[in-house]
Amino acid sequence: LLVGLVLMGVIVLILEKSVLVKISSLVRQISQIEDSGDLSLRVGQEGQDEIAHLGHSMNKMLGAVENSKNQVKLLLDNAEQGFLSFNKDNKIVSESSRALEKIFGKNISGKLVWEVLNQKEDEWKLFSESLFEEMIDFKDLAALGLKKIDIHGRNIELEYRAVRAENKKISQVMIVATDMTEVRELERQGKIQQQKNMAIVKVLVSKNDFLEFMEMAAALKNSVSDIKEFKRNLHTLKGGFAFLECK
């Protein structure tokens, strides 16, 4: 009987040790995945016991999270706007869009946001702290932030959005960066075309004045010998063409 009890105790100890080793291994692998942030890693799941089943369930969960993260990244990469988020330490988190790399010309993950935006450290920290602490309404604070920057000759507009945790506190601030270069160029060309159209309308309305100014311009070279008359005629021409919006 005593031998049987001793043998049973030894078996129990061996089983407990085996179980503890497996649990320790599982915990260690989970910690490694957490520290690395690499959701493509998986835990070992050898055997058919409950711990192996737990490892299998953990791998399924990791796969689902990885797939969800990849789908979010795919959406971001196909967006024309750049999305970057930074935490309380003012470090840009790793999840950023491909459009962002196109705007800034490099991968900015892990960089300090004030350096990327070329802002003064103390001024930016004060603004950032105000956002996270929500000293006043977030939208009112965000309206005081940097709205436009020029990056590599491109016009970038910035918009701020709060990312909140379960406790409703701001955990990250997202900046939506929109490249407005082409839009601004189209606006500039449209303005030039509008000015041309207005000039044409004025010329048509004041056709006689326009023809008179053209004749005066053609005869201008004949008054070069008389500097005063030349300047007077030139001044008259400039005023007349300015009135007609001819440039």
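Conventions used here
Residues numbered from 1 in each chain as written. Predicted model: local features only at pLDDT ≥ 70, side-chain atom pairs only at ≥ 80, totals over all residues. Heavy atoms only, no water. Helix = DSSP H or I, 4+ residues; strand = E, 2+ residues; numbered from the N terminus. Buried < 20%, exposed > 50% of the residue type's maximum accessible area, 1.4 Å probe, protein only. Contact = heavy atoms within 4.5 Å. Areas by Shrake-Rupley, 256 points an atom, 1.4 Å probe, with all protein chains shown as cover. Core = buried A, V, L, I, M, F, W, Y, C linked by side-chain atoms within 4.5 Å. Pairing = 2+ DSSP bridges.

**Q** Describe the overall build of the protein, with residues and values.
**A** For the protein, the helix and strand inventory stands at 9 helices and 4 strands. Ordered by position in the sequence, the α and β elements of the protein form the string α-α-β-α-α-α-α-β-β-β-α-α-α. Out of the 247 residues belonging to the protein, those deemed buried represent 26%. Restricting the contact set of the protein to residue pairs at least 6 apart, pairs at least 24 apart contribute 43%. Summed over its atoms, the accessible surface of the protein is roughly 17,600 Å², and 58% of this surface lies on carbon and sulfur atoms.

**Q** How would you summarise the nonpolar core if you had to cite specific residues and measurements?
**A** Core analysis: the biggest nonpolar cluster contains 27 residues, and Leu 84, Phe 104, Trp 124, Tyr 160 and Ile 175 have the highest contact counts within it. Listed by contribution, the elements that provide at least two residues to this core are strand E1 (82-86), helix H3 (98-104), helix H4 (113-116), helix H5 (121-133), helix H6 (138-142), strand E2 (148-151), strand E3 (154-164) and strand E4 (170-179). In this view, Tyr 160 contacts Trp 124, Phe 127, Phe 138, Ala 142, Gly 145, Leu 146, Val 173, Met 174 and Ile 175; residues no more than four positions away in its chain are not counted. Of all hydrophobic cores here, the second largest spans 6 residues; its members include Leu 26, Val 43, Ile 51 and Leu 62.

**Q** Before we move on, could you go through the pairing of E3 and cite the residues and values that matter?
**A** Bridging between E2 and E3 involves 4 bridges; their strand directions are antiparallel. By the bridge assignment, Lys 148 is partnered in E3 with Glu 157. The turn linking E2 back onto E3 is made up of 2 residues, and His 152 within it adopts a positive phi angle of 50°. When E3 meets E4, the two strands line up antiparallel, connected through 9 bridges. Across the sheet, Leu 158 pairs through a bridge with Ala 177, a residue of E4. The antiparallel pairing of E3 with E4 creates a hairpin that spans 5 residues between the two strands, and Lys 168 there sits at a positive phi of about 75°.

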